[in-house]
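Structural features, examined
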Amino acid sequence: MEATVGELNLTARVVGAERSPRAEVAGVLTGEPARDRMLAALAPSFGGAEVIVVRAVSCRTVIGLGRPGAADVLPRAIASAVATMLRDHPFDDDWVVRFRDRPAYVAAFLRDALAGHDNRWYYEPFRRYCRPDWTIDTATLLADHHADRWRVLAALPGPAGLDAVLARLGDDLPALIGDAARPVADRWLPLVRTAAAIVSVPLEPPERERLAAVLAAAEPPPDWRDRRSLGHAVGAAVRALLRDTDPVPVVQDHDWFDHDAFTAAVHGRAVPTAGPPTAATPRVQRLRADLTTAAADPALRLNSAGPDVAADVARVMATLVRHAPRWAGDELAVDYVAHLLRQPAKTTDSLVRSLRRTATTAPTALDEPVPSATAAGLLVLRGLLGLGLTTSLLAPVGGEPLLSAVLRRWTGSGRGDDPLLDLIAETAGTGRQPFETPELPYAPPCRHVTVPHQADGFATVTVDRTGRVLPFAVPGAAAADDPDLTAAVANALAALGGPATSDPDGLGVDLLAVTALQAWARWLPGFAAASVPFLLATMVRRPAAVRITGGNVDVRLPARPHDIVLRLAGYLDPLDTYTVLGGRTIRFVVEDDG
């Protein structure tokens with residue numbers, strides 16, 4: 001990720017000079033060369049795809065004007081101050097906030113903007129998309145990130161978040177899927193684009209549309225599953241673009257259509273129709289396989305009220321890219337999805353039928369609130385989602401989904417009958433890969449402590465410099481000689497009430513439960529450094545009941561004195577859960593004891 005500087009304030013005092021070297025000072029500190037030197041010095045701190053937003057840094061340095069390397073002194077000082085800031089703030093806080101990549105950063109802004117939190121300091125780069133009426137220019141934002149648009153939509157919090165963004169787009173929604181939004185482009189416009197690229201003929205959109213309309217009227221519709229049909233279609237488009245004196249192009253780079261059929265069509269010869277269709281290209285086969293996986297995602301919900309191709313293409317593409325990111329920049333995938341969704345009602349294509357079933361699937365529901373020993377733990381689910389574990393929460397660990405294991409630790413409950421645990425197990429199904437301990441994208445300065453742990457006797461736990469527990473071990477970390485820190489970690493693990501017997505997965509889940517709870521607490525006003533037992537006792541552990549509908553999980557909680565803190569942090573706002581609870585949204589209802 002390239003480095004950028006939002007605002008730079010410089011104050012210089014010149015000493016020991018017989019004359020005022022204003023021009024020389026300005027030449028060292030300002031201008032395009034100074035900017036380039038500064039960004040080059042900052043680049044090592046911002047390598048990779050991760051987006052790191054630093055609120056502010058300050059530094060002081062002395063520059064010897066006229067000395068060799070004087071122009072590099074200030075950039076090096078600023079880069080050193082930034083590196084120190086990142087080292088001292090390994091987790092998100094009021095000074096440093098990290099995002100997995102740029103699409104995740106854009107998606108986080110959209111999510112918070114929809115909730116009215118777009119004024120947070122780390123969203124300063126998005127201020128130009130904020131209108132005077134407090135709304136967000138979503139269309140321009142996605143247009144400016146067109147290449148990443150599907151990654152952005154895939155990173156939104158579940159179906160409700162995606163539908164909210166699509167609703168904001170309104171009449172601008174067709175621009176999201178480009179040519180695939182137009183009926184004539186269903187089969188011909190992408191092939192016309194390919195033909196124009198083969199013969200190096202630049203075509204403006206109106207010219208492409210006219211040629212596509214001519215071909216649609218004169219040629220049989222191309223079959224996207226048949227390489228021979230696609231080869232004939234591209235060849236027919238090339239023939240329409242060639243002049244009589246132009247040589248027939250040689251095609252080598254396009255392996256997704258049949259070259260013999262292409263050549264025959266360019267020369268105006270009919271393509272033999274005898275025999276079965278040629279096999280779909282490996283690329284289309286991979287796309288169909290990934291679309292089959294996407295169609296099975298319980299979070300995918302197409303428009304059941306009627307055809308809404310643009311919005312449904314966006315829903316399918318977001319789900320597809322969430323499962324298979326390689327299709328994020330592939331326009332063939334967009335065109336192919338639009339083609340599938342426009343198939344007639346009685347199609348024989350099993351993939352189309354699978355996609356359409358997502359519009360009518362009726363999930364399991366509980367019409368009335370039912371007591372749940374673990375439902376209050378959903379208050380902390382944001383902590384797990386913030387660690388980037390959305391795709392791992394249904395993975396099996398110790399004979400149950402990871403989310404169930406963590407919820408039981410937060411609430412101190414057992415494995416008894418619980419409607420929420422039943423829903424999680426139903427959503428998880430079978431055949432998932434076992435859970436693996438996550439690795440953070442950066443390794444903060446850390447130490448390790450040895451503490452008692454359940455039936456295992458003792459466990460070595462890695463902590464950062466502030467005492468927060470990490471969910472993984474760091475080889476070579478020094479032992480912490482701090483009785484208070486050791487006691488805090490021991491009390492945190494003891495408060496979870498984890499497995500009473502030796503469990504090979506128990507420690508990993510315990511550490512993850514503590515890490516997520518501490519990450520969740522960072523945004524609680526005045527409670528960022530609160531102990532794990534205190535957080536669990538005052539915020540989380542309370543009776544609860546759940547009501548499960550097709551789109552929501554309503555969690556009813558008795559009021560507690562510290563609920564005002566949860567409300568200020570936005571932790572009682574609705575929470576979209578991607579695929580974790582079958583695409584449902586969690587809604588918290590705090591009921592007054594009086």
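Look up a bit, the structure's there.
Basis of the calculations
Residues numbered from 1 in each chain as written. Predicted model: local features only at pLDDT ≥ 70, side-chain atom pairs only at ≥ 80, totals over all residues. Heavy atoms only, no water. Helix = DSSP H or I, 4+ residues; strand = E, 2+ residues; numbered from the N terminus. Buried < 20%, exposed > 50% of the residue type's maximum accessible area, 1.4 Å probe, protein only. Contact = heavy atoms within 4.5 Å. Pairing = 2+ DSSP bridges. Axes fitted to C-alpha atoms, helices over the stretch in contact; angles between N-to-C directions. Polar contact = N/O pair within 3.5 Å; in protein donor to acceptor, adjacent residues only side chain to side chain. Salt bridge = Lys/Arg side-chain N within 4 Å of Asp/Glu carboxyl O. Parallel < 35°, antiparallel > 145°, perpendicular 65-115°, else oblique. Left-handed = near helix turned anticlockwise from the far one by under 90°. Phe/Tyr/Trp six-rings, centres within 6.5 Å; stacked < 30°, edge-to-face > 60°.

The next thing to look at is the environment of Gly457. Its place among the elements puts Gly457 in strand β7 (residues 457-464). Gly457 sits in the partly exposed class, given a relative accessible area of 30%. Setting aside residues no more than four positions away along its own chain, Gly457 makes contact with Val451 and Pro452.

With mixed pairing, 5 strands are arranged side by side in an open sheet as β3-β9-β10-β12-β11. Each having just a single partner strand, β3 (370-371) and β11 (575-576) make up the two edges of the open sheet. Sheet strands touched by helix α19 (residues 419-428): β3, β9 (545-548) and β10 (552-558). Its angle to β9, the strand with the most contacts, is close to 40°.

It is worth spelling out the pairing of strand β2 (residues 96-99) at this point. A two-sided burial pattern is seen for β2, the buried positions comprising Val96 and Arg98 on one face and Val97 and Phe99 on the other. Bridging between strand β1 (residues 51-54) and β2 involves 4 bridges; their strand directions are antiparallel. In the sheet register, Val51 faces β2, and the bridge partner there is Phe99.

Take the side chain of Thr427 next. Following the sequence through the fold, Thr427 ends up in helix α19. Among the polar contacts listed, one links the side chain of Thr427 to the backbone oxygen of Leu423, at a separation of 2.9 Å.

Let us look at the pattern of salt bridges. Enumeration according to the criterion identifies 18 salt bridges in this entry. Between Arg87 and Asp88 there is a salt bridge, with the nearest N and O atoms lying 3.6 Å from each other. On the basis of relative accessibility, which here comes to 44%, the residue Arg87 falls in the partly exposed class. Residue Arg556 is joined to Glu591 by a salt bridge in which the shortest nitrogen-to-oxygen separation is 3.2 Å. One end of the pair, Arg556, is in strand β10; the other, Glu591, is in strand β12 (residues 585-591), with 35 residues separating them in the sequence. The structure contains a network of salt bridges with shared partners spanning Arg111, Asp112 and Arg120.

What follows is about the packing of helix α9 (residues 189-198) against helix α11 (residues 227-241). For the pair α9 and α11, the least separation of the axes is 8 Å and the interaxial angle reads 55°. Classed by the angle they form, the pair α9 and α11 counts as oblique. For the pair α9 and α11, the sense of crossing is right-handed. Here Leu191, Val192, Thr194, Ala195, Ala196 and Ile198 of α9 come into contact with α11, specifically with Leu230, Ala233, Val234, Ala237, Val238 and Leu241.

What follows deals with the pairing of β10. Counting buried positions over the 7 residues of β10 gives 6, a clear majority of the element. One ladder, built from 4 bridges, connects β9 with β10; its direction is antiparallel. Residue pairing across strands places Arg547 opposite Asp554, the latter belonging to β10. Hairpin geometry of β9 and β10 is characterised by an intervening segment of 3 residues between the two adjacent antiparallel strands. As judged from the 7 bridges shared by β10 and β12, these two strands associate in the parallel manner. If you follow Asn552 over to β12, its bridge partner there is Thr585.

The next thing to look at is the packing of aromatic side chains. One pass over the structure, following the stated rule, counts 14 aromatic pairs. Between the aromatic rings of Trp256 and Phe257, the centroid separation amounts to 5.1 Å while the plane-to-plane angle is 85°, which identifies the pairing as edge-to-face. Judged by relative accessible area, which is 9%, Trp256 ranks as buried. Judged by centre distance (5.9 Å) and plane angle (10°), the ring pair of Phe527 and Phe534 falls under stacked.

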